[in-house]
Amino acid sequence: MLGSFTTIVGMTVVLPFLPLYVAQLGVQGHAAIVQWSGVAFGATFLSAALVAPLWGRLADRYGRKLMLIRASLGMTIATVLIGMAQDVWQLVALRLLTGLLGGYASGSMALVAAQTPTERSGWALGMLSSAIMAGNLAGPLLGGGLPAVIGIRSTFFASAALIGLAFVGTSLLIREVQRRPKPPGVRTASAVVLVATDHRAVVAMLATGVLLMVANMSIEPIITVYVAELSSDPGSVTMIAGIVMSATALGAIVSASRLGRLADRVGHPKIIVGCMAIASALLLPQAFVSEPWQLVVLRFLMGLSLGGLLPCLASVIRHNVPEGAVGRFLGYSTSAQYAGQVVGPLVGGFVGGHIGMAAVFLGTAVLMGLGALLNYQSFLNHRTA
């Protein structure tokens, strides 16, 4: 939990001040600063999505603790180098390097999923998901306050020191139990799917991971403009927009472990279908709110429902693939979620700009509703665990 929290903080702390750092590196003009900021921010998630399955496969082969040590050490070094960047090209390259060397959160999911008793996996993965969501919440908050106190470059160094603590703790405090041998004859991802308990479950989880992040991130490009339409105080728009963005993550932190524990009792498929259906229902009124506080409440409630999805996704994958392929397929799940983080803002920005902001919420509600139906057909009709 500590390692996942600190590494996620390291990936997201840059959000509030990235345009300022881009300008500090010599980029001039509003449009150029915005463009380079978008490229630098997205670079980490793009490269992380590409290599997540590789790190998962290596974890299955050589040990999951080793991959966590690699990720925490790699991100520590990359974050220090970002703080020493001299131009924007170096910044983008180092952000790409951060994604390539990272993968701590997905690796920790694989470690916990593989070593936790089946009857408690939902609770354990829910606790881990809470730490990940807390990192997504704390990173931007720290990034908004630290640069004014210690400076932008020093903020990167402080973030690197935090990740370095995860490296030390992972090296000294985690003991990986004996891994089971990889099933003979399984050499490719497609072959692993064929021997899985139910490959439909795996495919459904990958699709659900995309939908989860699309639902969470589609609002990001339009939130400030949407809040400006709702608020009568222009001076408070930025603050309210930040609260709206944080409300979803806060709700997920509160609910993740509780819904994970409930899923252990009633079954993960039921929780997945229920959470997606509730999230779909909560997205609809967000298109018609008249006050900012209404949007904050609805986003918090939606976070409560989305919090149950991450631990359940990992649990279902863990139960439906062979022991020797858990890390690889959780890597695919991570890639799917990163894809949603990229697609969500792109689609949300396009739809909001060309069709209308209400259409973003309505369209996302339809996608989540279809996701609930997909999971219902894939799991409840097939009686999978």
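This one's a predicted model, so the numbers in the text were calculated from it and none came from an experiment.

1. Quick look at helix α8 (residues 152–173)
Because an α-helix completes one turn every 3.6 residues, residues spaced three or four positions apart along the sequence face the same direction. In this model, α8 (22 residues) spans 32 Å end to end at C-alpha, consistent with the 32 Å of a helix rising 1.5 Å per residue. Those residues of α8 that sit buried are I152, T155, F156, S159, A160, I163, G164, A166 and T170. In this structure, the buried side of α8 is in contact with α1 (2–12), α2 (18–24), α4 (64–82), α6 (104–115) and α7 (121–150).

2. Remarks on a positive patch on the surface
Residues R120, R258, R261 and R265 make up a contiguous surface patch of positive charge. The residue R120 is located in the loop between α6 and α7 in this model.

3. Observations concerning the packing of helix α13 (residues 268–286) against helix α15 (residues 309–320)
It is at 9 Å that the axes of α13 and α15 come closest, and there the two elements cross at 145°. For the crossing formed where α13 meets α15, the hand is left-handed. In contact with H268, I271, I272, C275 and M276 of α13, α15 contributes L309, C312, L313, S315, V316 and H319. Along the lines of polarity and charge, the residues of the contact of α13 with α15 split into eight nonpolar, three polar and no charged.

4. Overview of empty space enclosed by the protein
A water-sized probe rolled over the atoms picks out the places where empty space is left. Within the structure shown, the criterion is met by four cavities of 30 Å³ or more. There is about 70 Å³ of room inside the largest cavity. Where the lining of the largest cavity is concerned, the elements lending two or more residues are α3 (30–62), α4, α6 and α16 (326–354). Among the elements that take part in the lining of the largest cavity, α3 stands out by supplying four residues, more than any other. For the lining of the largest cavity, the residue count by class is six nonpolar, six polar and one charged.

5. Some points on the packing of α3 against α4
The contact between α3 and α4 brings their axes to 7 Å, and the two run at 135°. With respect to each other, α3 and α4 are oriented oblique. The residues of α4 that touch α3, namely those facing W55, L58, A59, D60 and Y62, are R64, L66, M67 and R70. Grouping the constituent residues of the contact of α3 with α4 by class yields six nonpolar, no polar and three charged.

6. Comments concerning a nonpolar patch on the surface
A cluster of nonpolar side chains, contributed by L73, I77, L81, M84 and F157, occupies part of the molecular surface with about 420 Å² of accessible area. The greatest single-element share of the nonpolar patch, amounting to three residues, is contributed by α4. Tracing the sequence through the fold places L81 in helix α4.

7. With respect to the confidence of the model for the protein
Per-residue confidence for the protein gives a mean pLDDT of 81, with 91% of residues at or over 70. Ranking the helices and strands of the protein by mean pLDDT puts α4 first, with 92, and helix α9 (residues 189–195) last, with 49. Confidence drops under pLDDT 50 across residues 180–187; counting only partners more than four residues distant or on other chains, this segment forms 11 contacts.

8. Comments concerning the layout of surface pockets
Here the second largest pocket is characterised by a volume of approximately 400 Å³. If you go around the second largest pocket, you meet 21 residues; those closest to its centre are M1, L111, V112, L128 and I174. Put simply, the parts of the chain that give the lining of the second largest pocket at least two residues each are α1, α6, α7 and α8. Here the residues of the lining of the second largest pocket sort into 14 nonpolar, seven polar and no charged.

9. Things to note about α1
Among the 11 residues in α1, nine count as buried, and that is most of the element. All of the buried residues along α1 are G3, S4, T6, T7, I8, V9, G10, M11 and T12.

10. Quick word on the side chain of R95
Here R95 shows up in helix α5 (residues 88–101). Classification of R95 as buried rests on a relative accessible area of 2%. Apart from the residues within four sequence positions on either side, R95 is in contact with M11, V14, A40, F41, A43, T44, S47 and I82.

11. Quick look at the state of the cysteines
Tallied over the full model, the rule gives zero disulfides. C275 carries a free sulfur, and the closest cysteine sulfur to it, the one in C312, is 6.5 Å from it. By relative accessible area, C275 is classed as buried at 6%. With a relative accessible area of 0%, C312 lands in the buried category.

12. Here's the deal with the nonpolar core
By size, the foremost hydrophobic cluster in this structure holds 62 residues, and its most contacted members are V227, L295, L330, F361 and M368. Counting residues per element, this core draws most heavily on helix α10 (residues 199–217), at eight residues. The contact partners of F361, leaving out residues within four places of it in the chain, are I219, I222, Y226, L283, Q286, A287, L295 and R299. In this structure, Y21, L91, L94 and I152 belong to the second largest nonpolar core, which totals 18 residues.

13. Section: the packing of aromatic side chains
Counted according to the given criterion, the structure contains three aromatic pairs. Ring geometry for Y21 and F156: centres 5.2 Å apart, planes at 45°, overall tilted. A residue pair is termed long-range when its members are at least 10 positions apart, and Y21 in helix α2 and F156 in helix α8 qualify at 135 residues. The exposure classification of Y21 matches that of F156, with both residues buried. Note on Y226 and F361: the rings are 5.2 Å apart at their centroids and 40° apart in plane angle, and the pair reads as tilted.

Cut-offs and rules
- Residues numbered from 1 in each chain as written.
- Predicted model: local features only at pLDDT ≥ 70, side-chain atom pairs only at ≥ 80, totals over all residues.
- Heavy atoms only, no water.
- Helix = DSSP H or I, 4+ residues; strand = E, 2+ residues; numbered from the N terminus.
- Expected span 1.5 Å × (residues − 1).
- Buried < 20%, exposed > 50% of the residue type's maximum accessible area, 1.4 Å probe, protein only.
- Contact = heavy atoms within 4.5 Å.
- Patch = residues over 30% accessible without salt bridge, like charges linked within 9 Å, V, L, I, M, F, W, Y side chains within 5 Å.
- Areas by Shrake-Rupley, 256 points an atom, 1.4 Å probe, with all protein chains shown as cover.
- Salt bridge = Lys/Arg side-chain N within 4 Å of Asp/Glu carboxyl O.
- Lys, Arg positive; Asp, Glu negative; His and termini not counted.
- Charge placed at Lys NZ, Arg CZ, Asp CG, Glu CD.
- Axes fitted to C-alpha atoms, helices over the stretch in contact; angles between N-to-C directions.
- Left-handed = near helix turned anticlockwise from the far one by under 90°.
- Nonpolar A, V, L, I, M, F, W, Y, C, P; charged D, E, K, R; others polar.
- 1 Å grid on protein atoms, 1.4 Å probe; cavity = no way out; pocket = protein on both sides within 12 Å on 5 of 7 lines; lining within 4 Å.
- Points joined across faces, edges and corners; volume = space filled by probe spheres on them.
- Parallel < 35°, antiparallel > 145°, perpendicular 65-115°, else oblique.
- pLDDT = per-residue confidence, 0-100.
- Disulfide = S-S within 2.5 Å.
- Core = buried A, V, L, I, M, F, W, Y, C linked by side-chain atoms within 4.5 Å.
- Phe/Tyr/Trp six-rings, centres within 6.5 Å; stacked < 30°, edge-to-face > 60°.

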